[in-house]
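Close look at the chain arrangement
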Amino acid sequence: MLENKGVILCGQDIVLDILSRYLERKNPMFRSLRSYVGSLDGLFALYRETVNAVAVHLWDGETGEYNIPYVRRFLPGQRAVIVNLFYRKVGFFVAPGNPKNIIDWEDIVKPGVRFVNREKGSGTRVLLDEKLRILEIDSRCIEGYTNEEMSHIAVASAVARELADVGVGTEKAALQVPEVEFIPLQKERYDLVMYKHDLERPHFQTILDVLHSQEFLDELKGLGGYDTNDTGKIIFEN
């Protein structure tokens with residue numbers, strides 16, 4: 001069981017680092033620690049109570065829904081709350097001009113197309129694998145499927161350096177890496193998952209206060225690539 005001295009935030013997006021900074025600015029006694037693991041591993045950590053809050057973007061191919069099916073499945077018997085952080089676009093990183101004409105999921109199995117993947121447990125890897133399952137595409141037919149990187153920036157960089165022809169990641173990462181073009185695929189919801197009983201604690205009320213603050217929202221908008229229309233909204237609770 002975690003102590004009541006601070007909060008461990010789990011997730012990989014830079015917005016969580018910004019959130020941590022705001023939390024400590026709002027309350028100098030606040031101690032916010034970061035755990036940089038993917039969405040699926042983060043949910044397991046929350047279930048084991050080794051973190052307090054986890055950011056997730058897990059797409060479920062059966063329902064077309066983000067996060068809620070996974071919270072129900074991987075936090076059995078637990079009362080949880082899902083709070084929206086932002087929406088963002090996810091798609092393909094390709095070379096300028098898209099010379100391999102990669103526009104949809106089926107295109108990554110074209111002969112001569114080299115793929116670069118994300119690590120198991122990340123939301124992006126779950127999205128890819130769910131799409132492959134639905135389309136009945138054997139991952140063994142994808143050249144480079146086993147080549148893994150640990151971040152969106154690293155995937156985009158691999159494409160920019162011509163180590164791969166395509167990878168999956170966020171529009172925000174594509175804007176940060178020269179010599180990469182972004183092909184949008186879908187809008188994903190990025191949420192923060194916490195236990196319901198923790199919302200009574202002052203630290204978690206501080207999190208909600210920051211998410212609703214205009215200063216925090218303005219900084220996210222200024223970064224570009226983030227849709228904050230539902231930031232701070234409770235998406236689900238059980």
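One can find the structure itself at the top, above this paragraph.
The rules behind each value
Residues numbered from 1 in each chain as written. Predicted model: local features only at pLDDT ≥ 70, side-chain atom pairs only at ≥ 80, totals over all residues. Heavy atoms only, no water. Helix = DSSP H or I, 4+ residues; strand = E, 2+ residues; numbered from the N terminus. Rg over C-alpha atoms; globule rule 2.2 N^0.38 Å. Buried < 20%, exposed > 50% of the residue type's maximum accessible area, 1.4 Å probe, protein only. Contact = heavy atoms within 4.5 Å. Areas by Shrake-Rupley, 256 points an atom, 1.4 Å probe, with all protein chains shown as cover. Lys, Arg positive; Asp, Glu negative; His and termini not counted. Charge placed at Lys NZ, Arg CZ, Asp CG, Glu CD. 1 Å grid on protein atoms, 1.4 Å probe; cavity = no way out; pocket = protein on both sides within 12 Å on 5 of 7 lines; lining within 4 Å. Points joined across faces, edges and corners; volume = space filled by probe spheres on them. Nonpolar A, V, L, I, M, F, W, Y, C, P; charged D, E, K, R; others polar. Phe/Tyr/Trp six-rings, centres within 6.5 Å; stacked < 30°, edge-to-face > 60°. Lys NZ or Arg CZ within 6 Å of the ring centre and 35° of its normal. Axes fitted to C-alpha atoms, helices over the stretch in contact; angles between N-to-C directions. Parallel < 35°, antiparallel > 145°, perpendicular 65-115°, else oblique. Left-handed = near helix turned anticlockwise from the far one by under 90°.

All right, on to the overall build of the chain then. In terms of helices and strands, the chain carries eight helices and nine strands. Taking 18 Å as the expected radius of gyration for a compact globule of 238 residues, we find that the chain reaches 18 Å, a close match to that expectation. Projecting the C-alpha coordinates of the chain onto the three principal axes gives extents of approximately 55 × 40 × 25 Å. The buried share of the chain, taken over its 238 residues, is 55%. Within the chain, contacts between residues at least 6 apart in sequence are counted, and of these 74% link residues at least 24 apart. Just so you have it, the chain exposes about 11,100 Å², and 51% of that area is on carbon and sulfur atoms. In the chain, which carries 29 positive and 36 negative side-chain charges, the distance between the mean positions of the two groups comes to 3 Å.

The rolling of a water-molecule-sized probe over the atoms marks out the regions of remaining empty space. In this structure, the largest pocket occupies an estimated 340 Å³ of space. Gln12, Asp13, Ile14, Arg88 and His152 are the residues nearest the centre of the largest pocket, which is lined by 23 residues in total. Mapped onto the lining of the largest pocket, the elements with two or more residues apiece are helix H5 (152-160) and helix H6 (171-176). A per-element tally of the lining of the largest pocket places H6 first, with three residues. Broken down by class, the residue content of the lining of the largest pocket amounts to eight nonpolar, 11 polar and four charged. Each pocket or cavity is described by its volume, and for the second largest pocket that value is around 160 Å³. When grouped by side-chain class, the residues that make up the lining of the second largest pocket number seven nonpolar, one polar and five charged.

All right, on to the packing of aromatic side chains then. Counted under the stated rule, the structure contains seven aromatic pairs. Where tyrosine 70 meets phenylalanine 74, the ring centres are 6.1 Å apart and the plane angle is 25 degrees; that geometry is what we call stacked. Remark: phenylalanine 74 and tyrosine 70 occur in helix H3 (residues 68-74); sequence separation between them is four residues, near one turn of the helix. Above the plane of the ring of tryptophan 59 lies lysine 131, whose end atom (NZ or CZ) is 4.1 Å from the centre.

The relative placement of two packed helices comes down to the angle between their axes together with the axis-to-axis distance. With their axes 11 Å apart at the nearest point, helix H1 (residues 14-26) and helix H8 (residues 214-223) run at an angle of 155 degrees to one another. Taken together, the axis directions place H1 and H8 in an arrangement best described as roughly antiparallel. Relative to H8, the crossing made by H1 is right-handed. Counted together, Val15, Ile18, Leu19, Arg21, Tyr22 and Arg25 of H1 and Glu215, Phe216, Glu219, Leu220 and Leu223 of H8 form the full contact between these two elements. Grouping the constituent residues of the contact of H1 with H8 by class yields seven nonpolar, no polar and four charged.

What follows covers helix H2 (residues 39-47). Considered for burial, the residues of H2 that qualify are Ser39, Leu40, Gly42, Leu43, Ala45 and Leu46. Those residues of H2 that are buried are in contact with strand E1 (7-10), strand E3 (53-56), H3, helix H4 (123-135) and strand E8 (181-195). In the segment just after H2, glutamate 49 is the residue with positive phi, at about 65 degrees.

A positive phi angle, close to 50 degrees, is found at asparagine 98, a residue other than glycine. The residue asparagine 98 is located in the loop between strand E4 (80-94) and strand E5 (115-118) in this model. Although it is not a glycine, glutamate 179 sits at a positive phi angle of roughly 65 degrees. Tracing the backbone through its elements, the reader meets glutamate 179 in the loop between H6 and E8. By relative accessible area, which is 53% here, glutamate 179 ends up exposed.

Everything listed is a geometric property; what it means functionally is a separate question.
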